[in-house]
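# Remarks on the overall topology
Listed below are the residues making up each chain.
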Amino acid sequence: METIHKIGRRKTAVARVYLSEGKGEITVNNKSYDSYFTTEMLKYKVLQPLTLTDNAESFDIKAKVFGGGITGQAEAIRLGISRVLVELDPENRTI
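One structure accompanies this document, and this report is about it. (Residues numbered from 1 in each chain as written. Predicted model: local features only at pLDDT ≥ 70, side-chain atom pairs only at ≥ 80, totals over all residues. Heavy atoms only, no water.)

Another point: the overall build of the protein chain. When its secondary structure is counted, the protein chain shows three helices and five strands. For the protein chain, the sequential pattern of α-helices and β-strands runs β-β-β-β-α-α-β-α. Taking 95 residues into account, the globule formula puts the C-alpha radius of gyration at 12 Å, and the protein chain, at 12 Å, falls close to it. Oriented by its inertia axes, the alpha-carbon framework of the protein chain measures out at about 30 × 25 × 25 Å. Relative to its 95 residues, the protein chain shows a buried fraction of 38%. A separation of at least 24 residues holds for 72% of the contacts in the protein chain among residues at least 6 apart in sequence. (Helix = DSSP H or I, 4+ residues; strand = E, 2+ residues; numbered from the N terminus. Rg over C-alpha atoms; globule rule 2.2 N^0.38 Å. Buried < 20%, exposed > 50% of the residue type's maximum accessible area, 1.4 Å probe, protein only. Contact = heavy atoms within 4.5 Å.)

Shown next as structure tokens:
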């Protein structure tokens, strides 16, 4: 599988999301998402599309995000991940 690239936007935050096959590693601006997002709510927002579609351990995700606040950045990444998952399987749109 090749790397799929999508963009997610929320308020003034813009996230470029790159998804490829892997073990479930998520990096945001070259940091682990655990260290980039410090609160559990923000971590939940980033993982939400993956957990709802049962793909949490299937893909590696690299995100480059800029602009906005930390909450807007997490929601922009969530939208980018959702768009990638819909491109992989159009049935994910209903979820």
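The pairing of strand β1 (residues 4–10) with strand β2 (residues 13–21) spans seven bridges and is classified as antiparallel. Bridged to H5 within β2 is Y18. In this structure, the hairpin formed by β1 and β2 is closed by a connection of two residues, where K11 is found at a positive phi of approximately 55 degrees. (Pairing = 2+ DSSP bridges.)

Once that is clear, we can look at the pattern of salt bridges. Taken as a whole, this structure holds four salt bridges when the rule is applied. For E75, the salt bridge identified is with R10, shortest N-O distance 2.6 Å. With E75 in helix α3 (residues 70–88) and R10 in strand β1, this pair connects stretches of sequence that are 65 residues apart. By relative accessible area, which is 13% here, E75 ends up buried. In this structure, K45 and E75 form a salt bridge, with 2.7 Å as the shortest nitrogen-oxygen distance. With K45 in helix α2 (residues 40–52) and E75 in helix α3, the pair connects residues that are 30 residues apart, well separated along the chain. If you follow the salt bridges from partner to partner, you end up with R10, K45 and E75 in one network. (Salt bridge = Lys/Arg side-chain N within 4 Å of Asp/Glu carboxyl O.)

Here strand β5 (residues 59–66) shows a clear split, with F59, I61, A63 and V65 buried on one side and none of D60, K62, K64 and F66 buried on the other. Inspection of the sheet shows strand β3 (residues 26–28) paired to β5 by three bridges, in the parallel sense. Paired with V28 across the strands is A63, a residue of β5.

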